[in-house]
Amino acid sequence: MSQILLGIESSCDDTSAAVLRGREILSNVVSSQTDLHARYGGVVPEIAARAHVERLDLCVEAALSEAGLELTDMDAIAVTAGPGLIGGVMAGVTFAKALAMATGLPMVGVNHLAGHALTPRLTDDVAYPYLMLLVSGGHCQFLRVGGPDQFARLGGTIDDAPGEAFDKVAKLLGLPQPGGPMVEAEARSGDATRFDFPRPLLDRPGCDLSFSGLKTAVLRARDKSLIDGALPAQTRADICASFQTAIAETLARKSRRALELCPEATAFCVAGGVAANQTIRTALEEVTDLPFVAPPLKLCTDNAAMIAWAGAERLALGYRDGPELAPRPRWPLDSNAAPMLGS
Ligand code: KG4
Ligand code: ZN
């Protein structure tokens, strides 16, 4: 019989609870806080933490009811224990501990990034080791995933994450947030060859990336193109298309390098919100003959099903956590095995 897990996620601005039976997602409820933070131009940690506290039990209740199950039907509880905004992580961990204590169910703490990085094994038959490119608003890294607790960082951004660059460029061009989908929509009617934006760090060995110079180049192009203080619509579309192509090409070239560093990879996988971008997806697909796995968007962005899955993989290795499980604002993936040893 497949194990049934309750997953809980609250590390940023989405409160989420999910029920997983084996690889079957019985429910995956995500309560987004975008509206709460919109007027502040970014996530406000105190507001996020309070909202998680208010919403966690509602999300868990909704996830159980959608799955048609009770808490006592669960075999275990998996919860994000970091990294993330500490107030939110604390809310989730405390809530999970209370549920575990009340029910006697085993609990396992999960690294949020491990949740993203293991998602391809939830959606597809991907064998270890594989290469994962994690590209979101907060993260950009190449990982060799060798097991549920085996992550090696091969490289990543030295400044902004690509999603952050999309969001900032949208802001510079007067487009609404989140910027990624807006820039992509604008780019559809743009000429990607009009502006020759930089492809940063291509001259450097390895697979580190940088996106802050690209943003500055966009700012310069915008300022140079203003006519009577306004940016012509076609120019805006051309900037979006040229910027998007620069990101796609840079990610593709560096992915090729990362694959060279991981010759035994069985697949090339991507996760994170930026993986929703069609131009980027297409560029990455062409990088290798290995199977290319990009989970559906709903599982690429923050959600509790990926936490339940990562928890199931950790439980299978014998990991368990007790009341001493500590929420961690920082928790590098390469050290993923260490904190749980002996627990
Ligand atoms: O993974 P995610 O939902 O959240 C975290 O960052 O954890 O990623 C959100 C990021 C945002 O920066 C958003 O602008 C970007 O992903 N994004 C996109 C697209 N859709 C979302 N970037 C480029 N093209 C898109 N279609
Ligand atoms: Zn995330």
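An unreviewed UniProt entry annotates the protein chain as tRNA N6-adenosine threonylcarbamoyltransferase originating from Palleronia caenipelagi. Recorded in UniProt under Sequence similarities (unreviewed entry), the annotation for the protein chain is "Belongs to the KAE1 / TsaD family." Of the protein chain, the UniProt comment under Catalytic activity (unreviewed entry) reads exactly: "L-threonylcarbamoyladenylate + adenosine(37) in tRNA = N(6)-L-threonylcarbamoyladenosine(37) in tRNA + AMP + H(+)".

S.K.: Looking at this model, I keep getting lost on the site of ligand 1. Mind explaining?
M.R.: Within the structure, ligand 1 sits among 20 residues, and Ser136, Gly137, Gly163, Gly180 and Gly273 are positioned closest to it. Looking at the shell around ligand 1, the elements that each hand over two or more residues are α5 (162-172) and α6 (179-187). Along the lines of polarity and charge, the residues of the shell around ligand 1 split into 6 nonpolar, 10 polar and 4 charged. Here the shell around ligand 1 spans two domains, since at least three of its residues come from each of domain 1 (4-118 + 299-340) and domain 2 (128-294).

S.K.: Help me understand the UniProt feature "binding site: substrate" (unreviewed entry) in the protein chain, please; the structure alone is not making it clear to me.
M.R.: Following the UniProt record, the feature "binding site: substrate" (unreviewed entry) maps to Leu134, Val135, Ser136, Gly137, Gly138, Asp167, Gly180, Glu184 and Asn277 here. Here valine 135 is to be found in strand β6 (residues 130-135). Taking the C-beta count within 10 Å as the criterion, valine 135 has 29 such neighbours and is therefore assigned buried. Beyond its immediate chain neighbours, meaning those up to four positions away, valine 135 contacts Cys140, Pro162, Gly163, Val270, Gly272, Val274 and Ala275. Take serine 136: it is sitting in the loop between β6 and β7 (140-147). Looking at serine 136, the number of C-beta atoms within 10 Å reads 23, which means it is buried. Setting aside chain neighbours within four positions, we find serine 136 in contact with Ala161, Gly163, Gly272, Gly273 and Val274.

S.K.: Would you mind showing me how to read the pairing of strand β5 (residues 107-111) here?
M.R.: Residues in a regular strand project their side chains so that they alternate between the two faces of the sheet. Of all the 5 residues making up β5, 5 are buried; the element is thus mostly covered by neighbouring parts of the structure. Alternating positions in β5 separate into two faces, Met107, Gly109 and Asn111 on one and Val108 and Val110 on the other, with burial throughout. Across 5 bridges, the pairing between strand β4 (residues 76-82) and β5 is parallel. If you follow valine 79 over to β5, its bridge partner there is glycine 109. Taken together, β4, helix α3 (residues 86-103) and β5 constitute a β-α-β crossover, and its handedness is right-handed.

S.K.: Any chance you could explain the domain arrangement of the protein chain here in plain terms?
M.R.: One widely used convention gives an interface's size as the accessible area the parts lose upon coming together. Along its sequence, the protein chain is carved into domain 1 (4-118 + 299-340) and domain 2 (128-294). Centre-to-centre separation of domain 1 and domain 2, based on C-alpha positions: 28 Å. With 15 residues of domain 1 in contact, the opposing surface of domain 2 contributes 15 residues. Sorting the residues of the side of domain 1 that touches domain 2 by element identifies α4 (112-123) and α11 (304-316) as the ones contributing at least two each. Looking at the side of domain 1 that touches domain 2 element by element, the count peaks at 5 residues for α4.

S.K.: Where do I start with the sheet that holds β4 in this structure?
M.R.: Strands pair in a sheet through their backbones, by hydrogen bonds, and they do so in one of two ways: parallel or antiparallel. Pairing is mixed across the open sheet formed by 5 strands, whose spatial order is β3-β2-β1-β4-β5. Whereas interior strands pair on both sides, the edge strands pair on one side only; in this sheet they are β3 (24-32) and β5. Neighbour-to-neighbour, the strand axes of the sheet open up by a mean angle of 20°, direction not taken into account. Here helix α2 (residues 45-67) sits on the sheet in contact with β1 (4-9), β2 (14-21) and β3, set at roughly 25° to β2. In this fold α3 packs onto β1, β4 and β5, with an angle of close to 160° to the strand it touches most, β4.

S.K.: So what exactly am I meant to see when it comes to unusual backbone geometry here?
M.R.: Peptide bonds are trans in most cases, and residues, glycine excluded, mostly fall at negative phi. Glycine 82 connects to proline 83 through a cis peptide bond whose omega is -15°. Looking at the element boundaries, proline 83 is found in the loop between β4 and α3. In this chain, tyrosine 128 is followed by proline 129 through a cis amide linkage whose omega measures -10°. Here proline 129 is to be found in the loop between α4 and β6. One non-glycine residue, leucine 201, lies in the positive phi region at around 65°. Within the element layout of this structure, leucine 201 appears in the loop between α6 and α7 (212-225). Notably, aspartate 228 is not glycine yet its phi reads approximately 50°, a positive angle.

S.K.: Even after reading the chapter, I still don't get the UniProt feature "binding site: Fe cation" (unreviewed entry) in the protein chain, so can you show me in this structure?
M.R.: Here, the residues flagged by UniProt with the feature "binding site: Fe cation" (unreviewed entry) are His112, His116 and Asp302. For the residues just named, distributed over 191 residues, the greatest C-alpha separation is only 8.7 Å, placing them together at one site. In this structure, histidine 112 sits in helix α4. Setting aside its immediate chain neighbours within four residues, histidine 112 contacts Ser11, Thr80, Gly82, Pro83 and Gly84. Judged by C-beta crowding, with 29 C-beta atoms within 10 Å, histidine 116 ranks as buried. Once you skip the residues sitting within four places of it in the chain, histidine 116 turns out to touch Leu134, Ala271, Gly272 and Met306.

About the thresholds
Residues numbered from 1 in each chain as written. Chains lettered and ligands numbered in written order. Predicted model: local features only at pLDDT ≥ 70, side-chain atom pairs only at ≥ 80, totals over all residues. UniProt positions renumbered as here; feature names shortened; annotations may be inferred. Near = placed C-beta within 6 Å. Helix = DSSP H or I, 4+ residues; strand = E, 2+ residues; numbered from the N terminus. Nonpolar A, V, L, I, M, F, W, Y, C, P; charged D, E, K, R; others polar. Domains from an automatic or database assignment. Buried ≥ 20, exposed ≤ 12 C-beta atoms within 10 Å, placed from the backbone. Contact = placed C-beta atoms within 7 Å. Pairing = 2+ DSSP bridges. Right-handed = clockwise from strand over helix to strand, strands pointing away. Axes fitted to C-alpha atoms, helices over the stretch in contact; angles between N-to-C directions.

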